[in-house]
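Analysis of the macromolecular model
Take a look at the letters that make up each chain.
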Amino acid sequence: MTTEIILAGFGGQGILFTGKILAYCGLMAGKELSWLPSYGPEMRGGTANCSVCISDEPIGSPLVANPDILIAMNGPSYNKFIDAVKPNGLVLVDSSIVEEECKREDITYISIPATDIAAENGMNGSANMILMGRMLAESGLFNIDTVQKAMEKCIPPKRANLIDVNMKAVKIGSESK
Amino acid sequence: MERSLMKGNEALAEAAIRCGCKCFFGYPITPQTELSAYMAKRMEKSGGVFLQAESEIAAINMVLGAASTGVRAMTSSSSPGVSLKAEGISYMAGSDLPAVIINVQRGGPGLGSIQPAQSDYFQATKAMGHGDFHIIVYAPCSVQEMVDTVTLAFDKADEYRTPVMILADGLLGQMMEPVTFPEPKTELPDKSDWAACGHKNKREHHIINSLFLDAPLLEAKVLERFERYKAIEENETDAELYMCEGAELVITAYGASARVAKSAVTKARSEGIKAGLFRPKTLWPFPVKELAEATKDAKHILDVEMSMGQMIYDVKLATECRIPTTFFGRTGGVIPTPAEVYDEIKKLTGGAQ
């Protein structure tokens, strides 16, 4: 089985980092995977995005056209990718920022005020991890131990303090309503 | 071996260091820059030289100088930068110097775009500079294969005394995939029979040169070089055949577009369409025999590239135009989707029979 994911938002929201953590989860879980960032002019004007593929088989095209899972952290990215999501796909949006309303009825749509939740918990900038936590709880793609291992592998030792912060945000996200 | 996660550009650099590359000269350009950045960080620590030259032209001529002394040397760039290196590569071919040149292709012509493309196929395989010469051109299609290809590229450059190019693209350079590295090479080929590595007045000095004013002498040089090219054509072709057994439609594609095509072929096969993929791993020499094997049941060939169609001429030559060949491509930095390629497959086969 292959799970294709698009993560999208403003530069600085930790879109590429979130994709990297998911990629490292795949690595720690012994899966095939690919991570492909947008770069260059695409990064200006609203939508930094990355494609992540997790599979039991070797990955073909690493560029995701029709995702099974979309995490959208701003309006422009939501509008750019919402119609591309596969039927029965999973969409998560940060409702603190995304104002658009979902018109599709053939997908699972989860809207949480991730930026506000992060601020309430004194962890500004962790909205990405909150959304990822909720996505993992919903999809069952990776368990929390795998995420812990991925963080430890991905985050360099001199910034190890970030592991606990991120893990806390993932847990808050996974329990969010 | 432990799997690590790395960008293609970084993996190319780490692989080069591990196979004994001691000199890297380059000039930054997107989408290749992570390669140079990795070299800047690691090369000195591993006992080598990293130097950011004042231009691509300077960098390639530094490679020429380093390779002349017998050390393993490399440069990397992206399309417009590789054009600037063309003169130096011709000089190296004319001086029989081994070196590795990496092109992480982007859209062209001119400054073009910085998104992935494959429009430098003609340049790499047909005319990487002036004069009668070839260079070996490898086309990996995954981060792991990039690593394996770097090792092969340095070995074959030394074996045949020729510049070798790795033709990648922005997609392969920017993406991360799991990768395992070989143990660092400790034994490298001895080049003291030709390299300008110091003679201490104990032997005749070696001359590294591409200027031969005596025409018959130059002709003899070129003929000798083409004997080596013949050996390369006989021994060094390589290709991957994916689901070509019984395939009535065979897609030909290399590098990033081959990955897109592979997804399309897998989908087509799952729906009963007899499609296969032929992916050359060497672009020069082009794997003619391997293509014949892949297309033995084919009624049609679909050539897929991120260009306006360049490799398709080699495909037609290799099959002597016996099999109808159609082209599909996107260019300028646009990456085709598996769905687009799948639609082409359906158009040509009429869907499942």
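Quick notes on the rules
- Residues numbered from 1 in each chain as written.
- Chains lettered and ligands numbered in written order.
- Predicted model: local features only at pLDDT ≥ 70, side-chain atom pairs only at ≥ 80, totals over all residues.
- Heavy atoms only, no water.
- Contact = heavy atoms within 4.5 Å.
- Buried area = accessible area lost by both parts, 1.4 Å probe.
- Salt bridge = Lys/Arg side-chain N within 4 Å of Asp/Glu carboxyl O.
- Polar contact = N/O pair within 3.5 Å; in protein donor to acceptor, adjacent residues only side chain to side chain.
- Nonpolar A, V, L, I, M, F, W, Y, C, P; charged D, E, K, R; others polar.
- Core = buried A, V, L, I, M, F, W, Y, C linked by side-chain atoms within 4.5 Å.
- Buried < 20%, exposed > 50% of the residue type's maximum accessible area, 1.4 Å probe, protein only.
- Domains from an automatic or database assignment.
- Pairing = 2+ DSSP bridges.
- Helix = DSSP H or I, 4+ residues; strand = E, 2+ residues; numbered from the N terminus.
- Axes fitted to C-alpha atoms, helices over the stretch in contact; angles between N-to-C directions.
- Parallel < 35°, antiparallel > 145°, perpendicular 65-115°, else oblique.
- Left-handed = near helix turned anticlockwise from the far one by under 90°.
- Phe/Tyr/Trp six-rings, centres within 6.5 Å; stacked < 30°, edge-to-face > 60°.
- Lys NZ or Arg CZ within 6 Å of the ring centre and 35° of its normal.

To continue, consider the interface of chain A and chain B. Listed per partner, the contact involves 23 residues of chain A and 23 residues of chain B. If you sort the residues of chain A by the area they bury against chain B, A:Leu27, A:Trp35 and A:Tyr39 come out on top, with a joint share of 33%. Across the chain A-chain B interface, the total number found is 1 salt bridge. Across the pair B:Glu2 and A:Lys153 runs a salt bridge whose closest N-O atoms are separated by 2.4 Å. The interface formed by chain A and chain B holds 10 residue pairs in polar contact (both at pLDDT 80 or more) in total. Residues that form the side of chain A that touches chain B fall into these classes: 13 nonpolar, 6 polar and 4 charged.

Here we take up the nonpolar core. In this structure, B:Met39, B:Met74, B:Ile89, B:Met92, B:Met165, B:Ile251 and B:Ile345 are the most contacted members of the largest nonpolar core, which totals 108 residues. Built from parts of two domains, this core gets at least three residues from each of domain 1 (4–187 + 209–235) and domain 2 (240–349) of chain B. Once you skip the residues sitting within four places of it in the chain, B:Ile251 turns out to touch B:Ala261, B:Val265, B:Gly276, B:Leu277, B:Phe278, B:Leu302, B:Val304, B:Val341 and B:Ile345. Listed in part, the 45 residues of the second largest apolar core include A:Trp35, A:Ala114, A:Met132 and A:Val170.

Residues and elements named next belong to chain B. Strands sit in the order S9-S11-S10-S13-S14 across an open sheet of 5 strands; the sheet is mixed. The open sheet has two free edges, formed respectively by strand S9 (239–242) and strand S14 (325–329), since each of these has just one partner strand. For this sheet the average axis-to-axis angle between neighbouring strands, irrespective of direction, equals 20 degrees. Against the sheet, helix H11 (residues 311–318) contacts strand S10 (249–252), strand S11 (275–280), strand S13 (300–305) and S14, and its axis sits at roughly 155 degrees relative to S13.

All names here are of chain B. Strand order across the open sheet formed by 7 strands is S3-S2-S4-S5-S7-S6-S12, with mixed pairing between neighbours. Each of the sheet's edge strands pairs with one partner strand only, and the pair in question is strand S3 (49–52) and strand S12 (282–284). Direction aside, neighbouring strands of the sheet carry axes that sit 20 degrees apart on average. In this structure, strand S6 (residues 136–138) lies alongside S12, joined through 2 bridges in antiparallel fashion.

Before going further, it helps to spend a moment on the environment of A:Gly11. Residue and element names in this part refer to chain A. Inspection of the secondary structure assignment puts Gly11 in the loop between strand S1 (2–9) and helix H1 (15–28). The class of Gly11 is exposed, set by a relative accessible area of 57%. Taking the C-alpha atoms as reference points, Gly11 and Ala48, 37 residues apart in sequence, are found 5.4 Å from one another.

As a further point, take the packing of H1(A) against helix H5 (residues 144–154) of chain A. Residue and element names in this part refer to chain A. For the pair H1 and H5, interaxial distance at closest approach is 8 Å and the crossing angle is 110 degrees. By the angle between their directions, the pair H1 and H5 is classed as roughly perpendicular. When the axes of H1 and H5 are compared, the crossing they make is right-handed. For the pair formed by H1 and H5, the contact residues are Phe17, Lys20, Ile21, Tyr24, Cys25, Leu27 and Met28 on the first element and Thr146, Val147, Lys149, Ala150, Met151, Lys153 and Cys154 on the second. Its residues assigned to classes, the contact of H1 with H5 comprises 10 nonpolar, 1 polar and 3 charged.

With that settled, the discussion passes to the domain arrangement of chain B. Residues and elements named next belong to chain B. The domains assigned to chain B are domain 1 (4–187 + 209–235) and domain 2 (240–349). Contacts between the two partners involve 33 residues from domain 1, matched on the other side by 26 residues from domain 2. Between domain 1 and domain 2, a total of about 2400 Å² is buried, with carbon and sulfur atoms accounting for 57% of that surface. Seen at the junction of domain 1 and domain 2, the total is 3 salt bridges. For Glu177, the salt bridge goes to Arg259, with nearest N and O atoms at 2.8 Å. One can count 17 residue pairs in polar contact (both at pLDDT 80 or more) joining domain 1 with domain 2. Looking at the side of domain 1 that touches domain 2, the elements that each hand over two or more residues are helix H5 (121–126), S6, strand S7 (163–169), helix H7 (170–174) and helix H8 (215–235). Class assignment for the residues of the side of domain 1 that touches domain 2 results in 17 nonpolar, 9 polar and 7 charged.

On to the packing of aromatic side chains. Residue and element names in this part refer to chain B. Per the stated rule, a full pass over the model turns up 7 aromatic pairs over all chains. Centroid distance Phe122 to Tyr313: 5.9 Å. Interplanar angle 45 degrees. Geometry classified as tilted. You can see Phe122 sitting in helix H5 and its partner Tyr313 sitting in helix H11, a full 191 residues away along the chain. Classification of Phe122 as partly exposed rests on a relative accessible area of 35%. Summarising the aromatic geometry, the rings of Phe226 and Tyr229 are spaced 4.8 Å apart at their centres and angled 75 degrees between planes, so their arrangement reads as edge-to-face. Of the two residues, Phe226 and Tyr229 are both situated in helix H8; the distance of 3 residues between them amounts to about one turn of the helix. A relative accessible area of 29% places Phe226 in the partly exposed class. In textbook terms, an aromatic cluster arises when at least three aromatic residues are bridged by ring pairs, as seen for Phe226, Tyr229 and Trp284. A cation over an aromatic ring shows up here: Arg161 above the ring of Trp194, its NZ or CZ 4.1 Å from the ring centre.

Okay, the environment of B:Phe133 next. Along the chain, B:Phe133 turns up in the loop between H5 and S6. With 43 residues separating them along the chain, B:Phe133 and B:Ser90 place their C-alpha atoms 7.7 Å apart.

A few words now on unusual backbone geometry. Residue and element names in this part refer to chain B. A cis amide bond links Thr30 with the next residue in sequence, Pro31, at an omega value of 5 degrees. Following the sequence through the fold, Pro31 ends up in the loop between strand S2 (21–26) and helix H2 (33–42). Residues Trp284 and Pro285 are joined by a peptide bond in cis, for which omega reads 0 degrees. Within the chain, Asn201 stands out as a residue other than glycine whose phi angle is a positive 60 degrees.

All names here are of chain B. Applying the stated criterion across every chain yields a total of 32 salt bridges over all chains. A salt bridge links Arg225 to Asp96; the nearest nitrogen and oxygen atoms lie 2.8 Å apart. Pair noted here: Arg225 is in helix H8 and Asp96 is in the loop between helix H4 (79–94) and strand S5 (99–105), with a separation of 129 residues, a long-range link. Residue classification places Arg225 among the buried positions, given a relative accessible area of 6%. Across the pair Glu344 and Lys347 runs a salt bridge whose closest N-O atoms are separated by 3.0 Å. One end of the pair, Glu344, and the other, Lys347, are both in helix H12 (residues 338–349), 3 residues apart, so they sit about a helical turn from each other. With relative accessibility at 63%, the residue Lys347 sits in the exposed group.

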